Structures are given as structure tokens and as C-alpha cells.
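Examining the three-dimensional arrangement
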Amino acid sequence: VKRAEAERMDAEDAIGWLRDHFVFDDPGLIYLDGNSLGRLPKATIAAVNEAMRAGWGSRLVRAWHEWIDVGQRVGDHLGKKLLGAAPGQVAVSDSTSVNLYKLATAALDTRPGRRVILSTSDNFPTDRYILEGLAAARGLELRLLNPGADGGIGVEAMKAALGLDVALVSLSHVSYLSGAIEDVPAITRAARYAGALVLWDLSHSAGAVPIELDSWGVDLAVGCTYKYLNAGPGAPAFLYVRHSLQTRLRQPIWGWWGQREQFAMGPAYDPARSIARFLAGTPPVLSLLPIQVGVDVLAEAGVERLRDKGVALTELIVRLWEAWLEPLGFTLSSPRDPARRGAHVSLGHAEAYRVSQALIEECKVIPDFRPPNVVRLGPAPAYTRFVDVWDAMDRLRKVMDARAYERFDPRPGRVT
Ligand SMILES: Cc1ncc(COP(=O)(O)O)c(C=O)c1O
């Protein structure tokens, strides 16, 4: 595979112009973080400045008249543009962890006789820990299924695990580790047939992979906004609760933002009859507004084109892995079939941590390392060029040829 081929793919890229919407302070840096923090959209700077100056600075507390519904407004926008959700079912609030806790708790309360929570051993740690905590608090069993060889659980393994004792199934749409995509509608249907609710984590799919929550029949979902949605570090997360379930569920944090008549300041909790009942406290307005911008930027390209480019970018990684890196001992830790893979590719190697360090410190390439042995490459389709992928893979093979990673400390730092 020649670099000229990557150049040609860039020239033919239908959404190459989207890159201009983002800040590139250092044009030489190849950013393939996959994906823990998306890039900063230029328009976010103006939007946050305006909210600070005209809102906080000038209107002071009066600005709350505009901000009061911001979590639901931005949630509706995100739902419409990227999640296939009709209005009134998505809200932005809190972190993914807290939203997962709220919805999992509410779901378990509706299945009192059942004592099993199903998830996967490669689900994101916070998901596993929160489910573990819920199981411990309620005397339930958390059963973790092991993914297949290329990642992913699949419908058949899930069907085999479902029984009348399962209350809740909690899975990631796209695995943070392998990038494997689960079949959301089929697994949701199978779980419903077995009488369980399903809670999906969309953190690694929202903005990268087409999602149709309403038509897929999804019950519950959560996800973060700082990855492909490019809303910035610590931007609040979203949650989705299907209309027909909303008044049947009660979340455990009885905060005033979930109260029906919030400013009546009444004596007792009386939850809103809407998605608002899944809110808890005051939203972080300045962190929340960038989600609106992030969604707008992606919507200009449309999720179908983002997905097509994501497939083409990850296919290029896989081809280069096969040509250059497989002979050097790297394994493909992601599905080979692009239809079963999200927007990142994981490459396995015993020296994955030191190789990542060498790329960051000496090659101006930012991947991330995930234990035990994965170099994760996330060519975010909104702003990554095909030549970026080619150059990064070329530098990676050179690191291996020169054994440049041997100069680095094998002990991982505080953040990997
Ligand atoms: C699948 C998944 N869930 C949850 C989280 C993190 O949740 P929180 O927003 O609470 O930090 C991440 C973070 O990378 C993630 O990848």
C-alpha cells in the first residue's frame, strides 16, 4: 500500500472539508486517540465565550430562564440528529457512570423476582464496577460473559445466557477494547422476549456509527459526549429512556431537577412525568453547551458519511497491519469484518505500552494504550485524513524496526 493511495483517498473524501471545523494547533501531530477525547471544534470557543459573556457575565441569574431546559433541549437535538430518538426521550446530565447507575437501578426495581445482571468481561470498567456495586447492594449476581475471539458477544451467545432469572442486560454497543459492534435490535428483542430490560452504553458509537434507538426498540441507553461528539473534557453525558417506560421507572437520586414543579419547592418528591425525572441537580451549563456545537458539526456531514469514512479509515489500518505489522508480531484485536467493527482498531502486542509511549514521545502520533496489551487507534472520521493513518502506521513500523520502544519505562503512568 503506497502513500499515494492514501493521498488519493483524501482527494476523493466526501467529508474532508469537515476537518476545517476543528482546531489544529500543531498540524504535525497525528491524533489517533481512540477515542478518549475528541478535538475542539472552532465554533465551541465562540459559543462558550458567548455563554460566559452574555449569559453569566451580563444576564447573571436571569440567564437561567434560557438555561433551565438546556439538558433536555440539547438531548432532543442529539436524539434527532445522531441517535434516532424522537423528542422527549434523551436528556443530558451528570456523567455516564451516574446515568448508568440511575437507569440500572430504576430497571432492577421493575424486576424484583429476578436475581441476575448480565454484562461482558470486556465492558468498560465503570460499567462493570457500577453493576458490581448494585449486585452487592441487592444480593444479586453479576454474570460477565466473555467475548469471542475477535471481540463481541453476538446474539446467539446472549440468547443462550438469557433466562427467567435475568433482570437486566447491560452492554456496550461498541466495545471500548476491541471495537466490536453488538447487534442492538436483535439483542434487545431477545432480552425482551426473556423478560429482561437492556441498558446500552453508546459511548463508543454515538457520532461514529448509525444509531436508531426508537426503531430498534431500545429501552434504555447512556453515553458520553467527549469522544466522537467532541464536547470536551468532562462534558456531561446523555441518557435515553423510551417514552413508554418513563413513568414506570423511578431513578434513585431524588433531586429537585427531577421534580414535577421544581420551583414550587414543595415538601415531598413528586417526579416529573417526562424524561426530566431522570435528572438530578443543576446542569453544568458551560460544559453542556459544547454538545450542541459538537452535534451540529457532525450533522453537517451526516452520520452515514461519517460511518462510511470510519469504515474506510479502519480498513486502511487493517490493510497496513496485515502488510507491515502482522509479520512483526502484532495481532488484530478487533473484528476483521468492517460491518462488525466501530470506528477504532486495536492492535495487540506484548510491548503495547512502550510502543505507545514511543509513538507519543518520539513520533508525534497519539494512540492510546489499553491493558493488557492493546495499542488502540481511533481515526475519528470527522477530522482524520487517510494520510494521517498511513503516516502513523509507517512510524509505528519504524518504531518496531529500530526497537525504539526499548528506551521507555515499562511501568504505565497515572493516565494511559
Ligand atoms: C464505554 C464507556 N462507558 C463509560 C465511560 C466513562 O464514563 P464517565 O463519563 O462516567 O467517566 C467511558 C469512558 O471512556 C466509556 O468508554
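As shown above, the structure is provided for reference.
With respect to the sheet that holds strand β3 (residues 116-120)
Read across the open sheet, the 7 strands follow the order β2-β8-β7-β6-β5-β3-β4; overall the sheet is mixed. Among the strands making up the open sheet, the edge pair consists of β2 (90-93) and β4 (141-145). In this sheet, adjacent strand axes meet at a mean angle of 20 degrees when their direction is disregarded. As defined by bridge partners, strand β6 (residues 197-201) adjoins strand β7 (residues 220-223) across 3 bridges and the pair is classed as parallel. Note on β7: the bridge partner recorded for leucine 199 is leucine 220. Packed onto the sheet, helix α4 (residues 70-83) meets β2 and β8 (237-241) and runs at close to 125 degrees relative to β2.

A short note on a negative patch on the surface
Among the surface-exposed residues, Glu212, Asp214, Glu304 and Asp308 lie close enough to one another that they form a single negatively charged patch. For aspartate 308, the location among the structural elements is in helix α12 (residues 303-325). On the accessibility criterion, aspartate 308 (53% relative accessible area) is exposed.

Considering the environment of glutamate 261
One can find glutamate 261 in the loop between α10 (243-246) and α11 (285-301). C-alpha of glutamate 261 to C-alpha of phenylalanine 278: the two residues are 17 residues apart in sequence and 14 Å apart in space.

What to know about helix α5 (residues 96-109)
Taking 1.5 Å per residue as the helical rise, α5 with its 14 residues ought to reach 20 Å, and the 20 Å between its terminal C-alpha atoms agrees with that figure. When you tally the buried positions in α5, you get 10 out of 14 residues, the bulk of the element. Of all the residues in α5, the buried ones are Thr96, Asn99, Leu100, Lys102, Leu103, Ala104, Thr105, Ala106, Ala107 and Leu108.

So, the side chain of glutamine 259
Counting through the fold element by element, glutamine 259 comes out in the loop between α10 and α11. The exposure class assigned to glutamine 259 is buried, which follows from its relative accessible area of 14%. Engagement of the side chain of glutamine 259 in a polar contact is seen with the backbone nitrogen of aspartate 270, the distance being 2.6 Å. In this view, glutamine 259 contacts Ala268, Tyr269, Asp270, Pro271 and Ala272; residues no more than four positions away in its chain are not counted.

Examining the pairing of β7
Where a strand is regular, its side chains alternate between the two sheet faces. Of the two faces of β7, both are covered, the one formed by Leu220 and Val222 as well as the one formed by Ala221 and Gly223. Across 4 bridges, the pairing between β7 and β8 is antiparallel. When the bridges of β8 are listed, leucine 220 appears paired with valine 241.

Some words on empty space enclosed by the protein
Scanning the model with the defined rule gives 2 cavities of 30 Å³ or more in all. For the largest cavity, the calculated volume is near 80 Å³. Lining the largest cavity are Thr120, Asp122, Asn123, Gly152, Ile153, Leu171, Ser172, Val174, Ser175, Ala180 and Glu182. The space that makes up the second largest cavity amounts to roughly 40 Å³. As for the second largest cavity, its lining consists of Gly207, Tyr228, Asn230, Leu298, Leu306, Ala380, Pro381, Ala382 and Tyr383.

Let's talk about the site of the ligand
Around the ligand, the neighbouring residues are Ser95, Thr96, Ser97, Phe124, Thr126, Asp127, Asp201, Ser203, His204, Tyr226 and Lys227. Here lysine 227 contributes a side-chain N or O atom positioned 2.5 Å from an oxygen atom of the ligand. A total of 400 Å² of accessible area belongs to the ligand in isolation, and the protein chains cover 85% of it. Elements supplying a minimum of two residues to the shell around the ligand: α5 and α6 (125-138). Its residues assigned to classes, the shell around the ligand comprises 2 nonpolar, 6 polar and 3 charged.

Cut-off values and rules
- Sequence order as written defines the numbering, with residues in each chain counted from 1.
- Reporting of local features is limited, given that this is a predicted model, to residues whose pLDDT is at least 70; pairs of side-chain atoms are given and counted only at 80 or more, and all residues count toward the totals for whole chains, interfaces and linings.
- Side-chain calculation: all heavy atoms of the structure are included, whereas hydrogens and water are not.
- The pairing criterion is simple: DSSP has to find at least two bridges between the two strands.
- Helix and strand assignments follow DSSP, with helices taken as H or I runs no shorter than four residues and strands as E runs no shorter than two, numbered in order from the N terminus.
- The axes are straight lines fitted to the C-alpha atoms, using for helices just the contacting stretch, and the angles between their N-to-C directions are given from 0 to 180°.
- The criterion used for residue contact is that any of the two residues' heavy atoms lie within 4.5 Å.
- Each patch is built from residues that are more than 30% exposed by relative accessible area and take part in no salt bridge. Like charges join if they lie within 9 Å; nonpolar side chains (Val, Leu, Ile, Met, Phe, Trp, Tyr) join within 5 Å.
- Only the protein chains shown count as covering a residue, and every accessible area follows the Shrake-Rupley method with a 1.4 Å probe.
- By salt bridge we mean one thing: a side-chain nitrogen of Lys or Arg within 4 Å of a carboxyl oxygen of Asp or Glu.
- Neither His nor the chain ends is counted toward charge; the positive residues are Lys and Arg and the negative residues Asp and Glu.
- Charge coordinates come from a single atom per side chain, which is NZ of Lys, CZ of Arg, CG of Asp or CD of Glu.
- Throughout this description, buried means an accessible area under 20% of the type-specific maximum (1.4 Å probe, protein chains only), exposed means over 50%, and partly exposed covers the range between.
- Helix span, expected: 1.5 Å multiplied by one less than the number of residues in the helix.
- Counted as a polar contact is a pair of N or O atoms within 3.5 Å, where, for protein atoms, one must be capable of donating a hydrogen and the other of accepting one, and residues adjacent in sequence contribute only when both atoms are in side chains.
- Computed over the protein atoms alone on a 1 Å grid, cavities are sets of points where a 1.4 Å probe fits but cannot get out and pockets are open sets with protein on both sides within 12 Å along at least five of seven lines; a residue lines them when it has an atom within 4 Å of a point.
- Grid points are joined across faces, edges and corners, and a volume is the space filled by probe spheres set on the points.
- Definition of nearness: a residue and a molecule or strand are near each other if at least one heavy atom of the residue lies within 4 Å of the molecule or strand.
- Classification convention: Asp, Glu, Lys, Arg as charged; Ala, Val, Leu, Ile, Met, Phe, Trp, Tyr, Cys, Pro as nonpolar; all other residues, Gly among them, as polar.

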